[in-house]
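What follows is each chain in one-letter form.
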Amino acid sequence: MRIFQAGSLAISLSVFTTAATASVFQNHTYDYIVVGGGPSGIISAEKFAQAGKKVLLLERGVGPTVATGNNETLTWDHSLTPIDLPGLSADIGSLDVWNQYVCTDTAGTAACVLGGGVTVNYMVFVHPPARDFDDKWPKGWKWKDVQSAADRLYKRNPGTILPSADGKRYDQALYGVLSKFLGGLGWKSVDMIAQPNEKHQVYSYPAWNVKNQMRAGPVRTYLPDATKLDNFHLALQTKVIRLVRSGSQVTGVEVQTASGGSEIITIAPHGRVVLASGALSTPRLLWNSGIGGQAQIETAKKSGVTVPPKAQWIDLPVGVGLKDHPIFSIVFNTNASFGLVDYDGVLNGTDSSDISLYRNHSGVLTQGKHRMIFFTSEEIDGHTQYYQGSCAPTSEGVVTITTYMTHGLTSSGVLGLDASGNTVIVKSPYLQTAADQKAARTFIQKMVNSITAPSTGFELETYTNVSAILGSQTAGIHYTSTAKMGTDDGRKGGTSVVDTNTKVYGVDNLFIVDASIHPDLPTGNIQAAVMVVAEAAAARILSC
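Residues numbered from 1 in each chain as written. Predicted model: local features only at pLDDT ≥ 70, side-chain atom pairs only at ≥ 80, totals over all residues. Heavy atoms only, no water.

## A word on the side chain of Thr-106
Of note, Thr-106 is situated in the loop between helix H2 (98–101) and helix H3 (117–120). A polar side-chain atom of Thr-106 sits 2.7 Å from the main-chain carbonyl oxygen of Gly-108. The contact partners of Thr-106, leaving out residues within four places of it in the chain, are Leu-280, Ser-281, Arg-284 and Thr-423. (Helix = DSSP H or I, 4+ residues; strand = E, 2+ residues; numbered from the N terminus. Polar contact = N/O pair within 3.5 Å; in protein donor to acceptor, adjacent residues only side chain to side chain. Contact = heavy atoms within 4.5 Å.)

Next comes the structure, spelled out in structure tokens:
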């Protein structure tokens, strides 16, 4: 394997230094250039390399782990960064590395770091139920078609509801309170990994993307296998600006390196470019390359990007159909005895008891933020709307249920581009339809009625009525559908940007594997679904 960075052409993952320089790429061509080192990019690049292709994976950010060159380690364990430690995921937004890892040029929160969103999320790992694919995905992408891809993923990256090596669960007072509460409402306990199709009035211990007591994801479960291969190459701190096109062929990519220089990296004859930059950044790469709506391509041109001649522009509905899970926060005091992990003490090394347990691969630091995940659904006017509740302690005795509206949403928005080349939300994807507004209010009202029943002893805090809770709505940061897959070619009045082989309509050798191609939102946190689709997409691309 070759890792490209300043001052070195061939170095191992354990001795990363800085970024790739333009001169590194001279005299190299690749069978596959994969743009974006998030979960979909790492998985697909590894699959291409395993198939014997010469692969270059480009990531604009840095590596987040010691093995990928990061030296911002824990004070008490220099083999781990704060990102690695599951227990610190609850406080991830306050870590010093947060601002370094989050993109500054996207419409919503996105991660510009190796591993993408899987590097900086709360690790909730929801195996998608069959309906997520059976409802709106096109023929060839139903659950029976992608189940083998899911099996391959789960064999390497299964997630866990019991991460501690000693087989114990820690800090379970909140789970005890809420399981009694939900059980009293007639809900049942399930294992959300073993029973992924159970999504109505059920609760579970959280499934976390944790393996061997560390944050998992493709950086740990796929990338190491790729790095063993001489035909796999990774360049960090290398931002792709645009695709270089000649009519319907992509011939290379223009990159900007950390030094500010630029170069065009070429692909081999019959080579392919695969976009994996996420639902908020892949559209920009398409617009910058003359693919999408005319207004956005013209904006890209005005921002200084070298777009193709107008005769080569391809009119596709890029950015149209943006989807996300809206979140509502339900905060209440249970009057029970539970609190928060001492995050500062973990960082500075003074929380000796929890650190001691972790050094034995056990304890609360092997767990993520949440103490319970629940799922339910409501039948409203003949339509089924699904919901997820991620339950975590906020302070002594106080719980916050981060409530998602998930599968079944009917709203969508529009992503665009501004004069500086940043992606922006032109139309909000949240609660745009009367059906979604009714579904939100119906569920929140039902939850409030149950929580505030005299028998519970619970009391709402922060948002103390239904209207206030609805007003707390924030982004789920699970963006999809900005380069949708489908059989209705967008050049001919359809809604789709890629076909069922994930190939961009009108381009012979350009594919997309990230969440932008998902035609619908999954029932819960999106990371597992993204990985399943990447596994399936890579196989499709190799076979076509």
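Once you've had a look at it, read on.
## Side note on the environment of Ser-420
By secondary structure assignment, the location of Ser-420 is in the loop between strand S17 (413–417) and strand S18 (423–427). Linking Ser-420 and His-78, residues 342 residues apart in sequence, is a C-alpha distance of 39 Å.

## Description of the packing of aromatic side chains
This structure, assessed with the given rule, holds 11 aromatic pairs. Relative to Tyr-205, the ring of Tyr-175 lies with its centre 4.1 Å away and its plane at 15 degrees, an arrangement referred to as stacked. One end of the pair, Tyr-175, is in helix H6 (residues 173–184); the other, Tyr-205, is in the loop between strand S5 (202–204) and strand S6 (210–211), and 30 residues separate them in sequence. Taken together, the aromatic side chains of Phe-133, Trp-137, Trp-141 and Trp-143 make up a single cluster linked through ring pairs. (Phe/Tyr/Trp six-rings, centres within 6.5 Å; stacked < 30°, edge-to-face > 60°.)

## What to know about helix H13 (residues 434–451)
Taking 1.5 Å per residue as the helical rise, H13 with its 18 residues ought to reach 26 Å, and the 26 Å between its terminal C-alpha atoms agrees with that figure. Among the residues making up H13, those that are buried are Asp-436, Ala-439, Ala-440, Phe-443, Ile-444, Met-447, Val-448, Ser-450 and Ile-451. The arc that holds every buried residue of H13, seen down its axis, measures 165 degrees, which confines them to one face. (Expected span 1.5 Å × (residues − 1). Buried < 20%, exposed > 50% of the residue type's maximum accessible area, 1.4 Å probe, protein only. Arc of directions from axis to C-beta.)

## Here we look at the packing of helix H1 (residues 39–50) against helix H15 (residues 527–543)
The geometry of H1 relative to H15 is characterised by a closest axis approach of 9 Å and an angle of 35 degrees between their N-to-C directions. As for how H1 packs across H15, the hand of that crossing is right-handed. In this structure, H1 uses Pro-39, Ser-40, Ile-43, Ser-44, Lys-47 and Phe-48 to contact H15, whose residues at the interface are Val-530, Met-531, Ala-534, Glu-535, Ala-538, Ile-541 and Leu-542. Of the residues assigned to the contact of H1 with H15, the class counts are 9 nonpolar, 2 polar and 2 charged. (Axes fitted to C-alpha atoms, helices over the stretch in contact; angles between N-to-C directions. Left-handed = near helix turned anticlockwise from the far one by under 90°. Nonpolar A, V, L, I, M, F, W, Y, C, P; charged D, E, K, R; others polar.)

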